[in-house]
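# A look at the structure
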Amino acid sequence: MKELGLIEGTKAFVRKSLEGAEGGHDWFHTLRVYNNAKLISKHENVNLLVVELAALLHDIADPKFHNGDETIGPKRASEFLLKQNVDSTIIEHVTQIMENMSFKNSFDLDTSFNSPEMDVVQDADRLDAIGAIGIARCFNYGGFKNRALYDPNIAPNLNMTKAEYKTAKAPTINHFYEKLLLLKDQMNTKTGRQIAEKRHAFMEGYLKQFYAEWHGEK
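Attention here is on the structure that accompanies the text.

## Quick notes on the overall build of the protein chain
Looking only at helices and strands, one finds ten helices and zero strands in the protein chain. From first element to last, N terminus to C terminus, the protein chain shows the α and β order α-α-α-α-α-α-α-α-α-α. Its C-alpha atoms give the protein chain principal-axis dimensions of about 60 × 35 × 35 Å. A burial count over the protein chain gives 47% of its 218 residues as buried.

## Considerations on the side chain of threonine 10
You can see threonine 10 is positioned in helix α1 (residues 2–17). Using a relative accessible area of 0% as the deciding quantity, one classes threonine 10 as buried. Setting aside anything within four residues of it in sequence, one finds threonine 10 in contact with Leu53, Leu56, Leu57 and Phe80.

## A short note on helix α10 (residues 190–214)
Between its first and last C-alpha, α10 extends 36 Å over 25 residues, near the 36 Å set by a 1.5 Å rise per residue. Listing the buried residues of α10 in full gives Thr191, Gly192, Ala196, His200, Met203, Leu207, Phe210 and Ala212. Glycine 216, located one to two residues past α10, shows a positive phi value of around 70°.

## Points about the nonpolar core
Ranked by size, the top nonpolar core spans 55 residues in total, and within it Leu53, Leu81, Val94, Ile97, Ile130 and Phe176 carry the most contacts. A per-element tally of this core places helix α3 (residues 48–57) first, with eight residues.

## Some points on the packing of helix α2 (residues 27–41) against helix α6 (residues 116–127)
Put simply, α2 and α6 touch, their axes get as near as 8 Å, and they point 130° apart. If you check the angle between α2 and α6, you find them oblique. As α2 packs across α6, the resulting crossing turns out to be right-handed. Every residue of α6 that contacts α2 at His29, Val33, Asn36, Ala37, Ile40 and Ser41 is listed here: Val120, Val121, Asp123, Ala124, Asp125 and Leu127. Residue classes in the contact of α2 with α6 are distributed as seven nonpolar, three polar and two charged.

Criteria and cut-off values
Residues numbered from 1 in each chain as written. Predicted model: local features only at pLDDT ≥ 70, side-chain atom pairs only at ≥ 80, totals over all residues. Heavy atoms only, no water. Helix = DSSP H or I, 4+ residues; strand = E, 2+ residues; numbered from the N terminus. Buried < 20%, exposed > 50% of the residue type's maximum accessible area, 1.4 Å probe, protein only. Contact = heavy atoms within 4.5 Å. Expected span 1.5 Å × (residues − 1). Core = buried A, V, L, I, M, F, W, Y, C linked by side-chain atoms within 4.5 Å. Axes fitted to C-alpha atoms, helices over the stretch in contact; angles between N-to-C directions. Parallel < 35°, antiparallel > 145°, perpendicular 65-115°, else oblique. Left-handed = near helix turned anticlockwise from the far one by under 90°. Nonpolar A, V, L, I, M, F, W, Y, C, P; charged D, E, K, R; others polar.

Given below as structure tokens:
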């Protein structure tokens, strides 16, 4: 019962914190990641409390909207959990997941942290970046940043560094090749891989239709 109260309190805190957030990184994104994480956890040997808290808090202060500062989110999460008298080992685990789960960290060959709980939350977050909702989120963010939909003269950068990824301003379609289509093969869990297969296929079909319409084909 105590954990249930903590989870509900965390939901309220995150919902309030994300009021007015960009549509692809708002409370509903967090809620979908949370639900994905619970689904995946049913088939994994993990500390469910850590998974739930990390899923709920993972985008509390996305660096994209804070001048690239990757420390704000974990700090806010830690401060909130301390006020809830959460055990320090749980807090440390949650913040380590937040610090290491982002796609941009996959550019670092030597990752400093991993855990079964992070595998679950990372898969849950990445599943929301692909498929029908992933496509919607991608274009929503592109519009938010006033990026072109597509420019055939600007090729995707398939060998970018972490710094290049963080500062990229390429057309939205490029992001499919620079991230979204890569996620299926980066899933950590069996459940994540199974769900990703269907969503990946949907994106491939979407791109085929996009190019057909772009070139005026029947």
